[in-house]
Each structure stands twice: as C-alpha cells, then as structure tokens.
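Architecture and fold: a report
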Amino acid sequence: MTVTEAAAERLIRIGEVARGAGVSVRAVRYYEQQGLLIAERSPSGQRLYRQDAIARVRFFQQMFAAGLTSRRITELLPCWDSGHTDAEQRTMLRAERDRVQAKIDDLRAALARLDEVIAITDTHP
C-alpha cells in the first residue's frame, strides 16, 4: 500500500504511535527493523503507520515482557492478523502459554516468600 492508496485511511506519524503505545520512538523503529511493523513513507520520507500500529506495538510489548523473542512474535503475527491458526501455530501458542504460566507460578512463589520475609521483619523494629 502506498501513501496515496492509504489516503482514505488516516496514517499516523511515528511519534503518535510511540505516545499511543507508551513506548519510545526508538522502540517503534526497532519493531520496524525486526519486520514486526511496516511503515509507509511520506513524500518527505517520514514514517507513517496505520492506526492499528498502536495496538500492534502494545501487543509486541506484552509479548516481549512475557519473554518471547522478535522471531517468535513474527510467527504470531499471522494469527493476530487473520484470527486463524494452523496446527503448528496452535502447538507453538500453547507451548508459549505454558512457558508464561510457569513464569507466573515462579513469580507467585517468589511473592509468597517475600510476604513471609516482610511478615517476619514487621514484628521486629
């Protein structure tokens, strides 16, 4: 899609994407370099993105926070875009979910231990 083809759809600048998603402009550029995000170019060379770029960047942030790599996120994009998956993608999604759940379980255990230490230290001046 070129900028003229997208005239009906309002394109937004990189700063708007960054602000809307709560990330730096540098992060948006990184996502583009990784092939996660596609920018159009204005006649003056400015990066322009579709409105859904903000939601996509938020999704990327969540997936990175969960420990997924940019390669793994790239594998998820067809699922995000179409809402459909094949058997291999579903297997990968379930494996990632299991990995994230294990991470959550570990964090809950660590939180419980911290609560124990806080409870003990609260009884001492």
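Source: prediction; values computed, not measured.

Attention now moves to the confidence of the model for the protein. Overall, the prediction assigns the protein a mean pLDDT of 89, with 94% of residues at 70 or greater. The element-level mean pLDDT for the protein is lowest in helix α4 (residues 70–82), coming to 85, with helix α1 (residues 14–21) highest at 96.

If you walk across this open sheet you meet the three strands as β1-β3-β2, and the pairing is antiparallel. The strands lining the two open edges of the sheet, one partner per strand, are β1 (12–13) and β2 (40–41). Bridge analysis of β2 against strand β3 (residues 47–49) gives two bridges, and the strand direction is antiparallel. For arginine 41, the partnering residue across the bridge sits in β3 and is arginine 47.

Once that is clear, we can look at the environment of arginine 71. Tracing the sequence through the fold places arginine 71 in helix α4. At 2.5 Å, the side chain of arginine 71 forms a polar contact with the side chain of glutamate 75.

This paragraph deals with the environment of glycine 67. Relative to the helices and strands, glycine 67 resides in the loop between α3 (53–65) and α4. Note: C-alpha distance between glycine 67 and glutamate 96 (29 residues apart in sequence) is 9.1 Å. The residues touching glycine 67, leaving out its near neighbours within four places in the chain, are Arg99 and Lys103.

This next bit is on the pattern of salt bridges. Under the counting rule described, the total for this entry stands at eight salt bridges. A salt bridge links arginine 72 to glutamate 96, with the nearest nitrogen and oxygen atoms 3.0 Å apart. Here the residue arginine 72 occupies a position in helix α4, and glutamate 96 occupies one in helix α5 (residues 87–122), the gap between them amounting to 24 residues. Taking the relative accessible area as the measure of exposure, glutamate 96 reaches 14% and is therefore buried. The residue glutamate 96 makes a salt bridge to arginine 99 at a minimum N-O spacing of 2.9 Å. Within this pair, glutamate 96 and its partner arginine 99 are both found in helix α5, separated by three residues, close to a single helical turn. According to the relative accessible area criterion, arginine 99 is partly exposed, its value standing at 31%.

Parameters and conventions
Residues numbered from 1 in each chain as written. Predicted model: local features only at pLDDT ≥ 70, side-chain atom pairs only at ≥ 80, totals over all residues. Heavy atoms only, no water. pLDDT = per-residue confidence, 0-100. Helix = DSSP H or I, 4+ residues; strand = E, 2+ residues; numbered from the N terminus. Pairing = 2+ DSSP bridges. Polar contact = N/O pair within 3.5 Å; in protein donor to acceptor, adjacent residues only side chain to side chain. Contact = heavy atoms within 4.5 Å. Salt bridge = Lys/Arg side-chain N within 4 Å of Asp/Glu carboxyl O. Buried < 20%, exposed > 50% of the residue type's maximum accessible area, 1.4 Å probe, protein only.

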